[in-house]
Amino acid sequence: MNLKNIFIYPRLPDNLGKLQSLAYNLWGTWNYEAIRLFYRIDAPLFRAVHHNPMQFLVRLPGERIAQLAEDRGFLFELERVWTQFQKYMRYDGQFRTDRGGMLEPGDIVAYFSMEFGLHECIPVYGGGLGVLSGDFLKAASDLNLPLVGVGLIYKYGYFTQRINLKGEQEEQFLEFDNHLIPMHELHGPEGEKAYIEVNIRGEPVRVKLWQIDVGKIKLVLLDTDLEENPPHLRDITQELYVADRAKRLQQELVLGMGGVQALERLGLATQIYHINEGHAAFLILARLRRLMQGSGLDFTEAKAVIRASTVFTTHTPVIAGNENFDTAMVKEYIENDVQSLGLSFEDLASHAYIDHDRKTFWLPALAIRFSGHVNAVSKMHRDVSRRMWAGLFPNLAPVELPIDHVTNGVHNSWLSEPVMELLNRYVGPDYHRCESRAQRWDKVFAIDDEEVWKAHHQNKQSLITFVRKKLADDLAGRGYIESKILKLTRALNPDYLTVVYARRFARYKRATLILRDRDRLAKILTNATRPVQLVFAGKAHPADTLGKSMIKEILAFAREYQLEDRVVFLENYDINVARHLSWGADVWLNNPVRENEASGTSGMKAGMNGVLNLSVLDGWWPEGYNGRNGWAITGAEYNQQYEMQEAAEAEQIYDLLEEEITNRYYDRNEAGVPIRWVQMMKESIVSTCCRFNMNRVLAEYIDKFYVPSKTAATQLSHNHYEPLRQALRGGQELLARWDRIAIANFSTSVDKSDVVTEGQRVEVTCTVDLNGVAPEAVQVELFYLLQEQEEYRIIAMQPLGAPNTPGVFGCTFETAGRGQLSMNARVRPAAPILRDLYPDLMKWAP
């Protein structure tokens, strides 16, 4: 029996229509006055629906709706929130960075991501990448940037974590109704529902388009869960990070190729494409098709245009964690699409190979080779990424590999209400549209210590209340007896130093490092005068047995040492849990294996609320730590064996907890305020809010990547791409003769000197046989690197001999800096477009 499904929404009185509009826009999930408005209506129901404003209205009884329509006090508050919302939505200022960078309204940036963590009621995120993407959209809304998000809507989202009576993680995949979240169907110009069609291995897949309003920003989500699709294609968007590799590939084809179609279907003239991780790299194939079939460009020309207008951000510091597939599988799915462009599969696939390995198709490699701008998400991650992807640029020195960095940040919605109120009063409420001016944030140091401590105490009490309520619900779900639940829900003491570890449970993140010496840890926790309590939260990937065993180990430790009131594990770590933990913790623990954390935004969320980080110097923390805003775990020499490193780092954690951290926390004045601790809290707030806010992140993307991309793409496309075609025509002779060019006889005026001093003048020469290539077609240059400072310079070398003969090129420079200086001469194309398209066209003197 086939039944047609129609979703019926509540019919609200006219004077409550604004309430429904607020429920449809996620602005209402990060504005505290809007949140309080929904709590005022029915607080228990609002909590029960996980703060989902749409589901809340659907479940709200008709009698209560009628009461609200007659409640003059409520209507007054609704009007006040509505006025705030309208003011926010009507803001038309154009954001200009401190360096003067600015995007015009038509400079649309399409921000592609596999996941978006916007709110706990929309479970289409798995972890840090999703929450970062959500914060990116929220900040873009605050700054009124011309940006649109593109992703997938999943039937089950990421899994729901449950812990059974044995302490083992179990995964539940709970279906949610698209009509019960703040999301709506998109429609075409004639009012019809918007669909696109994507070809998956010769079969057409119908894809429905949905939209989530993130303040002023549109997030377009693609959905294959339609009755008209066959079951084996309908389930493409069923599960985030599905383990089945063929299904994952299908998802990423829909995201990349379908995402480009969706933008066109909606009439969004995208200028810049921003790919996050390799998941959306197949948008390159869709763009090749548009440029080659639609604009008549050949492959090289199309590649140049794509590179000029594409930004790729890598978020993964481990090569194995980057998206890759068996090449044969990819060939099955895209060969026909590639051949329809007059190309062989290898013409495209060669861009996805690493070190000539043709068996593995690496999506990040494809994205890097088709992106004019590539960045990592912290300075340390940049260095790691350059080493990781050095094989893509064999002729470049490691220090000049074209991988930049923009260190991540977080949106101001992660500020707790008490801390936000302090900042509004002392810093000024307009900080949410500003970048990172230190003089603005230094005003935090003038806040009275007692006020800061009071705000933190409110957050901590809120955390304890939240944990106890959640434990009661979770333990009841596990089947615990009532007396056991009653005992455990008295866990945690708001007066005890509270250390939180909350992140994904993976081996390299080392959740159980603090359990290395259990007896010593137990003594720290039960110290009579300086007690400590631990709160853990995090999910292990369903296939990660080691990550799951860590959760079990923590629960076993608490039980065996009878510390279940001081060591708590919160199941199903989501945005709501993260919010309370980052607000109310005293110390935020982070101890990954060094160079394995790309950024680590959870520590930023805690830091902006005055929570003190205790972290390995990895990810963002080497840039964030200043010696006054937390602690650095530096106990290991990183050339030691792994076991020795772990032992040293665990020892330092124990030492810090036993001595400096607990002493500082429990050292109170006559008013009960830990003055020295509060000073560190202020340092944490200032340093994090100033340097690691999402506005600064967006400003850097604008200055470093978006504006240069817009400029380059505009120049190439001028007059139907004539500048591009002319530049490539001019380079044909160079490309044909490149193998004949030879560079040799590199020498310097100090080759025989025993001592070279700072500021000494050095002459450099080399010979270059151009073999008939015009001298103006190449650039001969000196590359020199000051090793200790990792600074390099490139100096043009000029011809000193007759043209069109084996010529001598030379230059002079004065040494700058001290230490080891490395240098050599090289030759490469003079035309920027050729250098960009052919980074391997570079010859160094032997």
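So, how was this worked out
Residues numbered from 1 in each chain as written. Predicted model: local features only at pLDDT ≥ 70, side-chain atom pairs only at ≥ 80, totals over all residues. Heavy atoms only, no water. Helix = DSSP H or I, 4+ residues; strand = E, 2+ residues; numbered from the N terminus. Rg over C-alpha atoms; globule rule 2.2 N^0.38 Å. Contact = heavy atoms within 4.5 Å. Lys, Arg positive; Asp, Glu negative; His and termini not counted. Charge placed at Lys NZ, Arg CZ, Asp CG, Glu CD. Expected span 1.5 Å × (residues − 1). Bend = angle between axes of the 7 residues up to and from the residue. Buried < 20%, exposed > 50% of the residue type's maximum accessible area, 1.4 Å probe, protein only. 1 Å grid on protein atoms, 1.4 Å probe; cavity = no way out; pocket = protein on both sides within 12 Å on 5 of 7 lines; lining within 4 Å. Points joined across faces, edges and corners; volume = space filled by probe spheres on them. Nonpolar A, V, L, I, M, F, W, Y, C, P; charged D, E, K, R; others polar. Axes fitted to C-alpha atoms, helices over the stretch in contact; angles between N-to-C directions. Left-handed = near helix turned anticlockwise from the far one by under 90°. Phe/Tyr/Trp six-rings, centres within 6.5 Å; stacked < 30°, edge-to-face > 60°. Pairing = 2+ DSSP bridges. Salt bridge = Lys/Arg side-chain N within 4 Å of Asp/Glu carboxyl O. Core = buried A, V, L, I, M, F, W, Y, C linked by side-chain atoms within 4.5 Å.

Describe the overall build of the protein chain, with residues and values.
A count of helices and strands for the protein chain gives 28 helices and 28 strands. For 846 residues, the compact-globule estimate of 2.2 N^0.38 gives 28 Å, and the C-alpha radius of gyration of the protein chain, at 29 Å, lies within 12% of that figure. Considering only C-alpha atoms, the protein chain reaches an extent of 95 × 70 × 50 Å along its principal axes. Taking as baseline every contact in the protein chain between residues at least 6 positions apart, the subset at least 24 positions apart corresponds to 73%. Charge-centre separation for the protein chain: the mean point of 95 positive side chains lies 2 Å from the mean point of 108 negative side chains.

Pulling in residues and values, what's your account of helix α9 (residues 245-265)?
Helical periodicity: at 3.6 residues per turn, an α-helix aligns residues three or four positions apart in one direction. The end-to-end C-alpha distance of α9, which contains 21 residues, comes to 29 Å, matching closely the 30 Å that a straight helix rising 1.5 Å per residue would cover. Of all the bends in α9, the greatest, near 35 degrees, is centred on G258. Taking burial as the measure, the 21 residues of α9 include 17 buried ones, the bulk of the element. Backbone geometry just downstream of α9 places G267 in the positive-phi region, at approximately 70 degrees.

Which residues make up empty space enclosed by the protein, and what values go with them?
The tally for this structure, following the rule as stated, stands at three cavities of 30 Å³ or more. Lining the largest cavity are V410, H411, N412, L415, Y431, H432, W441, M608, C689, N693, M694 and N695. Residues belonging to the lining of the largest cavity are distributed by class as follows: seven nonpolar, five polar and no charged.

Hey, could you go over the packing of helix α1 (residues 17-24) against helix α3 (residues 32-48) for me, with residue numbers and the actual values?
The geometry of α1 relative to α3 is characterised by a closest axis approach of 11 Å and an angle of 120 degrees between their N-to-C directions. Seen from above, α1 lies across α3 with left-handed handedness. Residue-level contacts link L19, L22 and A23 of α1 to L37, F38 and I41 of α3. Grouping the constituent residues of the contact of α1 with α3 by class yields six nonpolar, no polar and no charged.

Provide a residue-level description of the packing of aromatic side chains, including the pertinent values.
Taken as a whole and judged by the stated rule, the model has 35 aromatic pairs. Relative to F136, the ring of Y111 lies with its centre 4.2 Å away and its plane at 15 degrees, an arrangement referred to as stacked. Of this pair, Y111 sits in strand β1 (residues 108-112) while F136 is found in helix α7 (residues 128-142), placing the two residues 25 residues apart along the sequence. Measuring from ring centre to ring centre gives 6.3 Å for F299 and F370, while their planes differ by 70 degrees; the resulting arrangement is edge-to-face. Here F370 lies in the loop between α14 (363-369) and β13 (373-376) and F299 lies in helix α11 (residues 299-308), a separation of 71 residues in the sequence.

Could you give an account of the pairing of strand β17 (residues 567-570), naming the residues involved and the relevant values?
Along any regular strand the residues' side chains alternate between the sheet's two faces. Of the two faces of β17, the one carrying V567 and F569 and the one carrying V568 and L570 are both buried. One ladder, built from four bridges, connects strand β16 (residues 532-537) with β17; its direction is parallel. Looking at β17, one finds that V535 is bridged to V568.

I'd like to hear about the pattern of salt bridges, residue by residue, with values.
If the charged atoms of two oppositely charged side chains come close together, the side chains can form a pair. Evaluated as defined, the whole model comprises 56 salt bridges. A salt bridge links R437 to D98, with the shortest nitrogen-to-oxygen separation between them at 3.0 Å. Separated by 339 residues along the polypeptide, R437 in the loop between α16 (417-426) and α17 (438-441) and D98 in the loop between α6 (72-90) and β1 bring together distant segments of the chain. In this structure, K331 engages E335 in a salt bridge whose closest nitrogen and oxygen atoms are separated by 4.0 Å.

Report on unusual backbone geometry, specifying residues and quantitative values.
The phi dihedral of L492 falls on the positive side, at around 70 degrees, and the residue is not glycine. Structurally, L492 is set in the loop between α19 (482-488) and β15 (497-502). Judged by its relative accessible area of 3%, L492 falls in the buried class. Its identity is not glycine, yet H720 carries a phi of approximately 55 degrees, on the positive side. Mapped onto the elements, H720 comes out in helix α27 (residues 694-737). With relative accessibility at 65%, the residue H720 sits in the exposed group.

Account for the environment of M823, with residues named and values stated.
Among the secondary structure elements, M823 is positioned in strand β27 (residues 821-829). On the basis of relative accessibility, which here comes to 25%, the residue M823 falls in the partly exposed class. Put simply, M823 and I702 are 121 residues apart on the chain and 33 Å apart in space, counted from C-alpha to C-alpha. With residues near it in sequence (within four places) discarded, M823 still touches F746, T748, L782, F783, Y784 and F813.

Go over the nonpolar core, please, and point to the residues and values.
Most often, soluble globular proteins keep nonpolar side chains buried together rather than apart. Within the largest apolar cluster, 282 residues are counted, with the highest numbers of intra-cluster contacts made by L581 and Y706. The biggest single contributor to this core is α27, with 14 residues. For L581, the contacting residues outside a window of four places in its chain are L463, V500, A502, V535, A537, L570, Y573 and W588.

Describe the sheet that holds strand β28 (residues 843-844), and please don't skip the residues or the numbers.
Spatially, the four strands line up as an open sheet ordered β24-β23-β27-β28, and their pairing is antiparallel. This sheet does not close on itself; its edge strands, each paired only once, are β24 (791-796) and β28.

Describe the sheet that holds β15, listing the residues and the values that go with them.
A sheet is described by the order of its strands in space; here six strands give the open sequence β17-β16-β15-β18-β19-β20, paired in parallel fashion. Of all the strands in the sheet, just β17 and β20 (630-633) have a single pairing partner and so form its edges. Averaged over all adjacent pairs, the angle separating strand axes in this sheet is 20 degrees, with direction ignored. Relative to β16, β15 runs parallel, the two sharing six bridges. Bridge pairing in β16 links Y501 to F536. On top of the sheet, helix α20 (residues 518-525) reaches β16 and β17; it is set at about 115 degrees to β16, its chief contact. Across the sheet, helix α22 (residues 575-584) is in contact with β15, β16, β17 and β18 (587-590); its angle to β16 comes to roughly 155 degrees.

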